[in-house]
Every structure is written in structure tokens, then in C-alpha cells.
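Reading the structure
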Amino acid sequence: MKFSCEKYLIQQAVSIASRCTASKSPIPALEGLLVEAGQDVRITGYDLKKGIYTSFPADVADPGSIVLNSRLFGEIIRSLPEGIVTVSIDSGFSTSIVCEASDFSIMGSDSGEYPELPSVDRQNAVSIPQNVLSKMIRQTIFAVSDNESRPVYTGSLFEISGDTLTIVAVDGYRLALRKETIDAGDAEDCSFIVPGSALSDVEKLCSDTEDKVEITVGSKHISFVIGDTVLISRRLEGEFLNYRKSIPTDFAIRAEVGRDDLTKVVSRVSLIIDEKTKNPLRVKVDSDGLDIRCRTGVGSAVDQCPAKVTGDAGVTIGFNNRYLLDALKAAPAEAIHIGLNTASSPCVLLPADGSDSFSYMILPVRLRAGE
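The rules behind the values
Residues numbered from 1 in each chain as written. Predicted model: local features only at pLDDT ≥ 70, side-chain atom pairs only at ≥ 80, totals over all residues. Heavy atoms only, no water. Core = buried A, V, L, I, M, F, W, Y, C linked by side-chain atoms within 4.5 Å. Buried < 20%, exposed > 50% of the residue type's maximum accessible area, 1.4 Å probe, protein only. Helix = DSSP H or I, 4+ residues; strand = E, 2+ residues; numbered from the N terminus. Contact = heavy atoms within 4.5 Å. Phe/Tyr/Trp six-rings, centres within 6.5 Å; stacked < 30°, edge-to-face > 60°. Polar contact = N/O pair within 3.5 Å; in protein donor to acceptor, adjacent residues only side chain to side chain. Pairing = 2+ DSSP bridges.

**Concerning the nonpolar core**
If you look at the biggest cluster of nonpolar residues, it comprises 43 residues, and the most contacted ones within it are Leu-290 and Ile-338. Of the residues forming this core, the biggest block, six residues, is contributed by helix H7 (residues 321–330). Among all residues touching Ile-338, those that are not within four sequence positions of it are Ile-253, Arg-254, Ala-255, Val-257, Leu-262, Leu-290, Cys-347, Val-348 and Leu-349. By size, the runner-up hydrophobic cluster in this structure holds 30 residues, among which are Ile-128, Ile-182, Phe-192 and Leu-231.

**Topic: the packing of aromatic side chains**
Within this structure, the stated rule accounts for five aromatic pairs. Relative to Tyr-360, the ring of Phe-142 lies with its centre 5.8 Å away and its plane at 40°, an arrangement referred to as tilted. Pair noted here: Phe-142 is in the loop between helix H3 (130–138) and strand S11 (155–161) and Tyr-360 is in strand S26 (residues 358–362), with a separation of 218 residues, a long-range link. For Tyr-360, a relative accessible area of 1% gives the class buried. Taking 5.4 Å as the distance between ring centres and 20° as the angle between the ring planes, the aromatic pair formed by Phe-158 and Phe-192 counts as stacked.

**Concerning the environment of Leu-236**
As for its position among the elements, Leu-236 is in the loop between strand S17 (229–234) and helix H5 (243–246). Measuring from C-alpha to C-alpha, the distance between Leu-236 and Pro-151 comes to 7.4 Å, with 85 residues separating the pair along the chain.

**Thoughts on the environment of Gly-218**
By the element assignment, Gly-218 lies in the loop between strand S15 (212–217) and strand S16 (221–226). Gly-218 sits 97 residues away from Asp-121 along the chain, and the two C-alpha atoms are 4.8 Å apart. Excluding residues that lie within four positions of it along the chain, Gly-218 makes contacts with Val-120, Asp-121, Gln-123 and Arg-235.

**Points about H7**
Residue pairs spaced three or four apart in an α-helix point in one direction, given the helix's 3.6 residues per turn. Taken across its 10 residues, H7 has seven buried, putting it largely inside the fold. Within the sequence span of H7, burial applies to Asn-321, Tyr-323, Leu-324, Leu-325, Ala-327, Leu-328 and Ala-330. Where H7 begins, one side-chain oxygen reaches toward the backbone nitrogen of Arg-322, 2.9 Å away; that side chain belongs to Asn-320.

**Topic: the pairing of strand S3 (residues 41–46)**
Each regular strand carries side chains that alternate between the two faces of the sheet. Burial of S3 is extensive: five of the six residues sit out of reach of the surface. Note that strand S2 (residues 32–37) and S3 share four bridges and pair antiparallel. Its bridge partner being in S3, Ala-37 is matched across the sheet by Val-41. Between the end of S2 and the start of S3, which pair antiparallel, lie three residues. In the sheet, S3 pairs with strand S4 (residues 50–56) via six bridges, with the strands oriented antiparallel. Note on S4: the bridge partner recorded for Ile-43 is Thr-54. In sequence, S3 turns back onto S4 through a hairpin of three residues, with Leu-48 there showing a positive phi of about 80°.

The values are spatial; any link to function lies outside them.
As C-alpha cells, this is what we get:
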């Protein structure tokens, strides 16, 4: 195998594919990248749960393939000067990487040892603009669970119904929901659960453009085609939370606040909270706004956020400050409604304009005397 290309092309491809290489695996080949030269050059990373392959144009003098250590190959490519990079291998898997005066020689391994990526048996497909999908993922992924004892919640639920895409994430303490109107084309109504780790990669691969992401849904796997890059992930199986029945719709108290104003107040009061204490925020809903305070071993903090409050003001509720901040930072609206019923019932953040584009639900923290 022998090919030549601009450094930035191979560096970008190696960086993308390396997202899916295994750090440690009983299959040594999975700790490497599969490099294949044909009409173009394709580089693949795979960890048996998800895989990424991406292609780029190159001057291919001799087609072939090899597996190269992901970490070492990536570091070498990044360190090279700008210019034309030439990669060639001999019959003994010795690989030469040359750019200008830089010349490296490393050992690769037989590409036949690299496991084949799963194929996606197309059952449904939809195209979504990259900027829309990346925002929806970014504004919900913080609520994906990292508790492997309930694997179904380590991913996000995708629902396609008519011309509406809904993404839902839940971790047992909070729920994040985003809706967008899309051009579903001939896609059938469906739902599927995508692992959070795959969605994190998809969000990073998307650009802030209206170029489309092609999503193909199979019985066991799902693929995302983003430009010259394809990510394939297994689907998560299991019964996802019935979020429609879980999110309250009627509230005894509503407070309309500026999202940025409340974010700044919560951030200031949170300065005295550290990982050791994790004391909750005490939020009192008064007739003219929100009184937010916290006391820890470090000290105490009090601040206020103006709000338009309707209903039975006077309730005091406790929040995990990080959960509240995550929801506030993700909410795509300048003004939000906070819906409450009691100090022990869920709090819901909604758009103040009355739309249903997002819902963030947070379970309260039980307050103890002195907190």
C-alpha cells in the first residue's frame, strides 16, 4: 500500500476515527485504526459498540490496507510539518510515514484481523440538518444516565411522529426533552434509543450548517452519515420511561424569569458549594421573585432573581445546583416558565411563549433544618 495526501486531510480523518478505538481490548486490532487505500483512503475506528469510518481523497499509488496503533499513528501525524504526507507499507507490515524531512517507520498488523463493522438493515430513514440535530443533542445529552445497571437510560430516546422529532433523556433525577419540526420525507413514525456515547460523537461531528445528517434505522443498529463520515452504533433495547405521563402539565405556581438572569444568580450562589458538601440550593418563591440561598461549611450565600409569579407563592424547594444549572444553560429561550406544585413534586422548565419546543424536569432535593 502507498498513498500521498495533504497532512490536514489525514490528520482530520485520524482524529475522527480515533473516537471509536478501544483503549484496551482482548482483540488487539481494536486498539488500532484500519487504514484502507483504494479509490480514496478510508480510516476506521471500532470498539464493538460503535464504529466510525471516514474517507478523504488521496493519490493512491498502490492499493492496500493495514491496522496501525491509534495513539502512536495519531501522535505522529499531528507532529508532522505541514505538507504532503506519504504512507507506505511493505510485505512485513512495516509502515513508513514521510513528510518533508520527517521520516517515521512503525509496525502495523494484518488488516484481516480487524473485525467487520455491522451492517444496518434499513427499516427507516430520515434526514435532519446538522445544526438542528447538534443543538437538540447538546440540549438534552446532559440528562443521559451513566448508571450501567439501567442501560436503557444511558441513551436518548428518538421519536419521529409526522413532521416532528422529539429527543428525550432521563437519568432518574431529571428529564430533558427537545422537539423540532423537520422534513421527515417518507420516513415512517418510529422510535429508537441511541447510546449517549454515540450521540456525543455525532454532536461533535456535526457542523453549524444546514447540510443534512442521514439517519438510517435498522433492527439492531443505527447509522449517521455526516458528509464523508459514517458512525454506526448499536441500538439500546428496553422499555423507556413514558415521559408523557411523567411530566406534569398543571401547576399551582408559575414563575416567569429571564433565563440568563436566573443562571447568573444560581451560578453565584453555587460558588460556596463543592464536591464534598453538595448542599442543595434553597429556592423560595415569593410574590415578586425567587429568593435563592445556600449554607455550607464554607459559608453562606443569598441572592434574588426577579420573576413574575402567579399562583400560591411561598413554597420553598431544594435543588441540586448542577442539575438546575444544566437545564438553564440548555434551555433555548430567553424567557422561561418554572412550574411548581409542592416542595416535594417535580419542577418543570418550559418556554415562556407557550410552545412545546422543550421541557426540563428536575426532581427536588429534600431540605433539612439548617440547610
